[in-house]
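# Remarks on the overall topology
Next come the chains, spelled out residue by residue.
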Amino acid sequence: MEVNRTALITDASHPAAAAIAARLKDEGITVINNYPHRSNKGVIEKTDNNYSFDTWLLADMKMLLDMIISRTGGVDHLIHTDNAILRSKLEDMSEQDFKRAMDYNAKSAFITTKVFGEHMAQKGDGTIVYLSTLHDEKPTGCAFAYSTAKGSVKMLCKEIALFYGRKGIRANVIEADYMEEQRELLDSLLSPFNYDAETKIPLKRLVKAEDIAGVVSFLISKDAVFINGADIRLDGGHMLYYGDR
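Residues numbered from 1 in each chain as written. Predicted model: local features only at pLDDT ≥ 70, side-chain atom pairs only at ≥ 80, totals over all residues. Heavy atoms only, no water.

## Focus on the pairing of strand β1 (residues 5–9)
For β1, a buried count of 5 out of 5 residues is recorded, marking the element as mostly surrounded by other parts of the structure. Alternating residues of β1 divide into Arg5, Ala7 and Ile9 and Thr6 and Leu8, and every residue in both groups is buried. Where the polypeptide runs from β1 across helix α1 (residues 17–26) and back to strand β2 (residues 29–34), its parallel neighbour, the crossover connection is right-handed. The pairing of β1 with strand β4 (residues 77–80) spans 3 bridges and is parallel. From the neighbouring strand, Leu8 faces β4, where its bridge partner is Leu78. (Buried < 20%, exposed > 50% of the residue type's maximum accessible area, 1.4 Å probe, protein only. Helix = DSSP H or I, 4+ residues; strand = E, 2+ residues; numbered from the N terminus. Right-handed = clockwise from strand over helix to strand, strands pointing away. Pairing = 2+ DSSP bridges.)

This is the structure:
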């Protein structure tokens, strides 16, 4: 069991965030929940461990770090969960909307890594987990800026694993498929190919929040001490599908 450790979840509105927080708390880890203003619906429980700062703004993240240090002494695990899908065709997307997609998904990863990664590096210990998507590898067909941004996060992770690995920090990516908790999104966004997702996933179900929480728990644990710069695909074999037998 981890003792006296602190984990930051960068966007606690992510559908897997509550399960991740519950799993880590059960393991004795203090969890800090951040709700960026983009995802903050104005209903945040007022406790010392809940904050609302924008993850793509350097000043906000520096302020958040200072507050966490004053309360828990620092951050040991950074879990980047920012995930914003802006659906648009290339010819229809504005420059402003493209920038928003990059800010929410990619710049947030860069800024949080810059602030909290350096903080952990000064201590010589820590982990970073980027909760990403299959679309860092597979195009969406309907939200090109989203897949572009997530591809950037995937390469950021590899660069960070190389750079911060020398300072005692491990960084890894979880490439999660669409979740059971995202069924409404599946119905509204995706093509008929995905409507029958259970038959196209060898394990015959969608990934669940607790599945993701288990992998996050493993990656930040001592059991994963030599895993660095890895892409963990959490899709039940979906990416291997090409046709029914």
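Picking up where we left off.
## Here we look at the side chain of Glu175
With respect to the helices, strands and loops of the structure, Glu175 is situated in strand β6 (residues 169–176). Engagement of the side chain of Glu175 in a polar contact is seen with the side chain of Lys154, the distance being 3.0 Å. The contacts of Glu175, once residues within four sequence positions are left out, are Ser132, Thr133, Leu134, Asp136, Glu137, Lys154, Asp231, Ile232, Arg233 and Leu234. (Polar contact = N/O pair within 3.5 Å; in protein donor to acceptor, adjacent residues only side chain to side chain. Contact = heavy atoms within 4.5 Å.)

## A closer look at the pairing of β6
Residues in a regular strand project their side chains so that they alternate between the two faces of the sheet. Most of β6 is tucked away: 8 of the 8 residues are buried. Covered by surrounding structure in β6 are Ile169, Ala171, Val173 and Glu175 together with Arg170, Asn172, Ile174 and Ala176, the residues of both alternating faces. The pairing of strand β5 (residues 126–133) with β6 spans 8 bridges and is classified as parallel. Bridging from a neighbouring strand, Ser132 pairs with Glu175 of β6. Following the backbone out of β5, through helix α4 (residues 144–165) and into the adjacent parallel β6, one traces a crossover that is right-handed. Two strands pair when backbone bridges link them, and β6 and strand β7 (residues 231–234) are joined in this way by 4 bridges, in the parallel orientation.

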